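Structural overview for review
One-letter residues, chain by chain:
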Amino acid sequence: MSHTLRLTSKENWLEDLPVAVRDAVKARMTLQTFAAGSTVTHAGDAPRHMHRVVDGYLKLMAHHASGEESMLVIYIPGNCWAETAIVAKRPLNHT
């Protein structure tokens, strides 16, 4: 069996919502700009916002008890994160 490693997420569920719902969500969005290499969210933090990549990319990192970190995925424009933590009322799982 062959396995393909996919590092980028192509998930863009926001665009798949019914038009009225998608437009209502987008109307509540604000644009924030982050410097390259900056940390946007930290594992363990309470989610304050759902985020969506508009331009550029974002690396989702896992921090392990050993002190090591590993890259889980690269988010590209259209990808969202933190929505699951908001709905579940749980802290963020990754940085």
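Residues numbered from 1 in each chain as written. Predicted model: local features only at pLDDT ≥ 70, side-chain atom pairs only at ≥ 80, totals over all residues. Heavy atoms only, no water.

Brief notes about the side chain of Glu83
Its place among the elements puts Glu83 in helix H2 (residues 83-88). The side chain of Glu83 is buried and forms no salt bridge, while Arg52, the nearest opposite charge, is found at 9.6 Å. Beyond its immediate stretch of four places on either side in the chain, Glu83 contacts Trp13 and Met50. (Helix = DSSP H or I, 4+ residues; strand = E, 2+ residues; numbered from the N terminus. Buried < 20%, exposed > 50% of the residue type's maximum accessible area, 1.4 Å probe, protein only. Lys, Arg positive; Asp, Glu negative; His and termini not counted. Salt bridge = Lys/Arg side-chain N within 4 Å of Asp/Glu carboxyl O. Contact = heavy atoms within 4.5 Å.)

A word on the packing of aromatic side chains
A full pass over the atoms with the stated rule returns one aromatic pair. Aromatic pair Tyr75 and Trp81: ring centres 6.1 Å apart, planes at 15 degrees, arrangement stacked. The class for Tyr75 is buried, based on a relative accessible area of 13%. Since its relative accessible area comes to 9%, Trp81 is described here as buried. (Phe/Tyr/Trp six-rings, centres within 6.5 Å; stacked < 30°, edge-to-face > 60°.)

A closer look at unusual backbone geometry
Unusually for a residue other than glycine, Ala82 sits at a positive phi of about 85 degrees. The phi dihedral of Lys89 is positive, around 55 degrees, even though this residue is not glycine. Structurally, Lys89 can be placed in the segment after H2. Judged by its relative accessible area of 77%, Lys89 is exposed.

Digging into the pairing of strand S4 (residues 69-75)
Pairing geometry for strand S3 (residues 58-63) and S4, over six bridges, is antiparallel. Bridged to Ala62 within S4 is Ser70. The antiparallel pairing of S3 with S4 creates a hairpin that spans five residues between the two strands, and Gly67 there sits at a positive phi of about 95 degrees. (Pairing = 2+ DSSP bridges.)

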